[in-house]
Amino acid sequence: MIKITLPDGGQREFPAPLRGDELALNISRSLAKKAVAVRVDDEVKDLSTLIDRDARVAILTAEDPAALDILRHDCAHVLAEAVKELFPETQITIGPVIENGFFYDFARPTPFSLDDLEAIEARMREIVDRDKPITREVWERDKAVAFFRSIGEEYKAEIIASIPAGQEVSIYGQGQWQDLCRGPHLPSTGKLGKAFKLTKLAGAYWRGDSNNEMLQRIYGTCWASEKDLKAHLLMLEEAEKRDHRRLGRELDLFHFQEEGPGAVFWHPKGWSLFRCLIDYMRERQRHGGYHEVNTPELLDASLWVASGHAEKFAEEMFSLHTPDKRHFCLKPMNCPAHVQIFRQGIKSYRDLPFRMSEFGKVHRYEPSGALHGLMRLRAFTQDDAHIFCSESQITEECVTVTNLILEIYRDFGFDQVRVKFSDRPSSRVGSDEVWDKAESALRTAIEAAGLDYVLNPGEGAFYGPKLEFVLRDAIGRDWQCGTLQVDLNLPGRLGASFIGEDGQKHPPVMLHRAMFGSLERFTGILIEHHAGRFPLWLSPVQAVVATITSDADDYAREVTARLFARGIRAECDLRNEKINYKVREHSVRKVPVQLVVGKREAEERTVSVRRLGVAQQRIAPLDEIVMALAREIEDRSPLITDAAAAAVAAE
RNA sequence: GCCGGCUUAGCUCAGAUGGUAGAGCACCUGAUUUGUAAUCAGGGGGUCGCGGGUUCGAUUCCUGCAGCCGGCACCA
């Protein structure tokens, strides 16, 4: 007797083991028709799986979130089958499910074209229409290797050959096509439906290693219904509209040009945003006991040899030779320069911890293909700091830094932050004993701060382990920003020391930390996070005073001057245009506050306040609105949302 | 750096099987004094990314390079 517990709590008993599809049919005919897979206890399996013990069982339909991965995985298989039919000389490799879809990597001498993509998608739809059953067989590993080798699938054979000997492998088949796969899969190709689309072509290295040959990757997206597919495509369009490169142009924030790949030309409005970040951070760091410094961008190569950068970072450094035959490098990091400041004069343990900060501009020769707007540059500014301390101060300093980072992210509206712990990389300086010490110190600190973290093995800096702070933006993308690194190597290498209580010289510990990371990148993240509609305190233009007729010109100038006197970034629009025209233009430019003045306002000394995105206005006395705006800026209030602004307007 | 694609006016984009190009918006000028998302009329503007080749002739075809875009690899 087998007892099956259904999701609704109901129980059914069966005299003998039965398959998932049989159970579905037993429940209802309509469910059997829609069924795509079965969940036995907590494991999702093929519908054909034999249930031979008491279990909790759920029949999954396409709408079930857990079924989506199966759909996508099947879609990858159908893609591969279509490619093999159309281009038999192509070899298959791997085709996993990814966020929102799937991809499949193919090995072939000539790349696919966009036309090929269309043909492949059409063939995929044919394969779905054929509705061939999808079958699962368990093979002996060596048989599978021999089989795939015999049909010319060398990559597949190599993958299977790397599975431990003697282990069984499952082979899924549909029509004439077979692939190694862990499963589970749909009962037949027809169950896949038509809510999929091939999205892009790309090159990708075999086994993700740039020493290997490049394969041809086809990406696709796949959903349970046409409606979901459409929603996803619409979401992509929306995401494109908030792309910081596009908004940077539209809002006149910055530009790039050919002569400076990976280097930003900040326009006044963009620079205003950038300076907001610096001003904010200066204030936070002043309260945090930091001392701001400034160091040279160009330093003799010998310093970079001493620091270890020349050895570990040479490929990424810009270097130049002067007419007098000296060799200089543009700094890729600020740390060695900060050590030079620490080294001036004799330091006592009483001076520690010493927190040295710099908005330091660094240059790194990033690979051309890595450049991406403000997010990945060759010249960028770090909100860098180095905390020189004793070993006994590491934990407390790390905890303080960690808390500060999280607090700062909250101020900018980022609540979801993940922490990664990166330990020693294969290419590094310093002994293993020193690394043991640094890693355990950092781990103690993160535990003391009570943070959850994931291990990121081998990803530390060459001089020490690090924490990386990854924040999630408004549309769910992750960005690595802050970092905290424990360094027991560089101070010694660069000859830094302090006199301890014992009267002896000791090398200090150096904590490297950045909170925004790259100010340019953080600006880019903010642009996308807010879709260009910044909270008032960050807005490059905070208010525009717009006249209805020239009768109000003098008053408008006065209003603008009042705002300006309170430190508010205000502009005055006296142009001979209709108010509709002005309102539209300033709305398109995403100015958060428009103060419209006509004859009436001038006489009554009021303004008509219009918040971005809210059609309804309210009339307020001039004094009141100047004060309210000043307070909103000072409080760094989050963006007044449409709903909140509507409520204010309705008052 | 690797694979593929793209590069035409300030922006978004048309266009010619090879005979030096066009729209909308923006800009300039004039008229209009206007009450909350585009007033009307006129005008100027492009060595079609850069270099080489084929050709009587190249922005169009071929080729090299650069930049950008989508990925991969790398990474703040």
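This one's a predicted model, so the numbers in the text were calculated from it and none came from an experiment.

(A) Inspection of the sheet that holds strand β7 (residues 55-61) at higher detail. The five strands are arranged β2-β1-β7-β4-β5 in an open sheet whose pairing can be described as mixed. Two strands lie at the open edges of the sheet, namely β2 (11-14) and β5 (43-45), each paired on one side alone. Strand after strand, the sheet turns through a mean of 35 degrees between neighbouring axes, direction not considered. Bridge count between strand β1 (residues 2-5) and β7: two bridges; the pairing is parallel. Looking across to β7, one finds that Ile-4 is bridged to Ala-55.

(B) Helix α6 (residues 154-161), seen in detail. Among all positions of α6, only Tyr-155, Lys-156, Ala-157, Ile-159 and Ile-160 are buried. Next to the buried residues of α6 lie β8 (91-92), β10 (101-107), α5 (141-150), β12 (168-174), β13 (177-180) and β15 (214-222).

(C) Seen up close, the sheet that holds strand β20 (residues 319-321). If you walk across this open sheet you meet the three strands as β19-β21-β20, and the pairing is antiparallel. Taken across any chain shown, the strands that pair with only one partner, and hence form the sheet edges, are β19 (298-300) and β20. Each strand axis lies, on average, 35 degrees off the axis of its neighbour in the sheet, ignoring direction. Of the strand pairs in this sheet, β20 and strand β21 (residues 327-330) are connected by three bridges, and their pairing is antiparallel. If you follow Ser-319 over to β21, its bridge partner there is Cys-329.

(D) Representation of helix α12 (residues 335-343). Here α12 has its buried residues at Cys-335, Pro-336, Ala-337, His-338, Val-339 and Phe-342. Where α12 ends, the next residue or the one after it, Gly-345, has phi of about 75 degrees, a positive value.

(E) Here's a closer look at the domain arrangement of chain A. If you check the domain split of chain A, you get domain 1 (2-61), domain 2 (67-237), domain 3 (254-529) and domain 4 (543-650). The centre of domain 1, based on its C-alpha atoms, is set 64 Å off from the matching centre of domain 4.

(F) Quick peek at the packing of aromatic side chains. All told, the structure shown has 25 aromatic pairs when counted by the stated rule. Ring plane angle 70 degrees and centroid distance 5.5 Å describe the contact between Phe-87 and Phe-112, whose orientation is recorded as edge-to-face. Of this pair, Phe-87 sits in the loop between α3 (65-86) and β8 while Phe-112 sits in the loop between β10 and α4 (114-130), and the two are 25 residues apart along the sequence. Judged on exposure class, the residue Phe-87 and its partner Phe-112 are both buried.

(G) Highlighting the nonpolar core. With 83 residues, the main nonpolar core has Phe-412, Phe-522 and Leu-563 as its most contacted residues. A total of eight residues in this core trace back to one element, the largest contributor, which is helix α13 (residues 394-411). Looking at which domains feed residues into this core, each of domain 3 (254-529) and domain 4 (543-650) supplies at least three. Once you skip the residues sitting within four places of it in the chain, Leu-563 turns out to touch Ala-543, Val-545, Ile-568, Ala-570, Leu-595, Val-626 and Leu-629. Formed by 40 residues, the second largest nonpolar core is a distinct cluster that contains Ala-62, Leu-71, Val-83 and Leu-198.

(H) Seen up close, the protein's contact with RNA strand B. Surveying the vicinity of RNA strand B reveals 55 residues, the closest of which are Asn-576, Arg-584, Glu-601, Ser-608 and Arg-610. Taken together, the sugar and phosphate atoms account for 51% of what RNA strand B places within 4 Å of the protein. A distance of 3.5 Å separates a sugar or linking oxygen of RNA strand B from a polar side-chain atom of Gln-216. Residue composition of the surface near RNA strand B, by class: 21 nonpolar, 17 polar and 17 charged.

(I) Representation of the packing of α3 against α4 in the model. Interaxial distance between α3 and α4 falls to 8 Å at its minimum, and their mutual angle equals 110 degrees. Taken together, the axis directions place α3 and α4 in an arrangement best described as roughly perpendicular. For the pair α3 and α4, the crossing hand works out as right-handed. Each of Cys-75, Val-78, Leu-79, Glu-81, Ala-82, Val-83, Glu-85 and Leu-86 in α3 lies in contact with α4, whose residues at this interface are Ala-119, Ile-120, Arg-123, Met-124, Ile-127 and Arg-130. Split into classes, the residues belonging to the contact of α3 with α4 amount to 10 nonpolar, no polar and four charged.

(J) Region of the structure containing the side chain of Glu-520. In this structure, Glu-520 sits in helix α16 (residues 519-530). Among the polar contacts made by the side chain of Glu-520, one reaches the main-chain amide nitrogen of Thr-381 at a distance of 2.7 Å.

(K) Up close: the side chain of Ser-272. Mapped onto the elements, Ser-272 comes out in helix α9 (residues 268-287). Not counting residues up to four positions away in its chain, the partners in contact with Ser-272 are Pro-540 and Arg-569.

(L) Region of interest: the environment of His-338. When you line up the elements, His-338 lands in helix α12. Residue classification places His-338 among the buried positions, given a relative accessible area of 0%. When the C-alpha positions of His-338 and His-287 are compared, they lie 20 Å apart, and in sequence the two are 51 residues distant. If we ignore the near neighbours within four places in the chain, the residues touching His-338 are Val-293, Thr-295, Met-356, Ser-357, Glu-358, His-386 and Phe-388. A distance of 2.6 Å separates polar atoms of two side chains, one belonging to His-338 and the other to Glu-358.

(M) Representation of the packing of α5 against α6 within the structure. Where α5 contacts α6, the axes come no closer than 8 Å and their chain directions differ by 165 degrees. Between α5 and α6, the angle falls in the class roughly antiparallel. Between α5 and α6 the crossing geometry is left-handed. Contacts between α5 and α6 pair Arg-141, Ala-144, Val-145, Phe-148 and Arg-149 from the former with Glu-154, Lys-156, Ala-157, Ile-160 and Ala-161 from the latter.

(N) Structural detail: the pairing of strand β33 (residues 570-573). Both strand β32 (residues 543-547) and β33 contribute to a ladder of four bridges, which runs parallel. Counterpart to Val-545 in the pairing with β33 is Cys-572. In this fold, the crossover linking β32 to β33 by way of helix α17 (residues 553-565) has right-handed handedness.

(O) Quick peek at the pattern of salt bridges. The final tally for this structure, using the stated rule, is 46 salt bridges. Note that Glu-391 and Lys-437 form a salt bridge whose closest N and O atoms lie 3.2 Å from each other. Placement of the pair is Glu-391 in the loop between β24 (379-389) and α13 and Lys-437 in helix α14 (residues 432-448), with a sequence separation of 46 residues. One salt bridge connects Arg-562 with Asp-623, and the closest N-O pair in it is separated by 2.7 Å. A residue pair is termed long-range when its members are at least 10 positions apart, and Arg-562 in helix α17 and Asp-623 in helix α20 (residues 622-634) qualify at 61 residues. Arg-562 sits in the partly exposed class, given a relative accessible area of 30%. Among the charged side chains, a salt-bridge network with shared partners connects Glu-81, Glu-85, Arg-123, Glu-126 and Arg-130.

The rules we used
- Residue positions are counted from 1 within each chain, in the order its sequence is given.
- Following the order in which they are written, the chains are lettered starting with A and the ligands numbered starting with 1.
- In keeping with the model being predicted, local features are shown solely for residues with a pLDDT of at least 70 and side-chain atom pairs are shown and tallied solely at 80 or more, while totals for entire chains, interfaces and linings include all residues.
- Side-chain numbers here rest on the full set of heavy atoms in the structure, without hydrogens or water.
- The pairing criterion for strands is at least two bridges between them, as found by DSSP.
- Under the scheme used here, helices are H or I runs from DSSP no shorter than 4 residues and strands are E runs no shorter than 2 residues, and both carry numbers assigned from the N terminus.
- All axes here are fitted lines through C-alpha atoms, helices being fitted over the stretch that makes contact, and every angle between N-to-C directions spans 0 to 180 degrees.
- Using a 1.4 Å probe on the protein chains alone, a residue whose accessible area is under 20% of its type maximum counts as buried, one over 50% counts as exposed, and one in between counts as partly exposed.
- A contact between two residues is defined here by any heavy atoms of the two lying within 4.5 Å.
- Domain start and stop points were drawn from an automatic or database domain assignment.
- For Phe, Tyr and Trp, rings pair up if their centres lie within 6.5 Å, where Trp contributes its six-membered ring, and each pair is then called stacked (planes under 30 degrees apart), edge-to-face (over 60) or tilted (otherwise).
- In this description, a nonpolar core means a group of buried Ala, Val, Leu, Ile, Met, Phe, Trp, Tyr and Cys residues linked to one another through side-chain atoms lying within 4.5 Å.
- Whether a residue is near a molecule or strand is decided by its heavy atoms; if any one of them lies within 4 Å of it, the residue is near.
- Contacts described as polar in this section are N or O atom pairs within 3.5 Å, which, within protein, must combine one atom able to donate a hydrogen with one able to accept it, while residues neighboring in sequence count only if both atoms come from side chains.
- Here the term charged refers only to Asp, Glu, Lys and Arg, the term nonpolar to Ala, Val, Leu, Ile, Met, Phe, Trp, Tyr, Cys and Pro, and the term polar to all other amino acids, Gly among them.
- Put simply, angles under 35 degrees are roughly parallel, angles over 145 are roughly antiparallel, angles from 65 to 115 are roughly perpendicular, and the rest are oblique.
- Helix crossings fall into two classes, left-handed where the near helix is turned counterclockwise from the far one by less than a right angle and right-handed where it is turned clockwise.
- Consider the strands pointing away from the viewer: the crossover is right-handed when the path from the first strand over the helix to the second runs clockwise.
- Between Lys or Arg on one side and Asp or Glu on the other, a salt bridge is scored when a side-chain nitrogen of the former is within 4 Å of a carboxyl oxygen of the latter.

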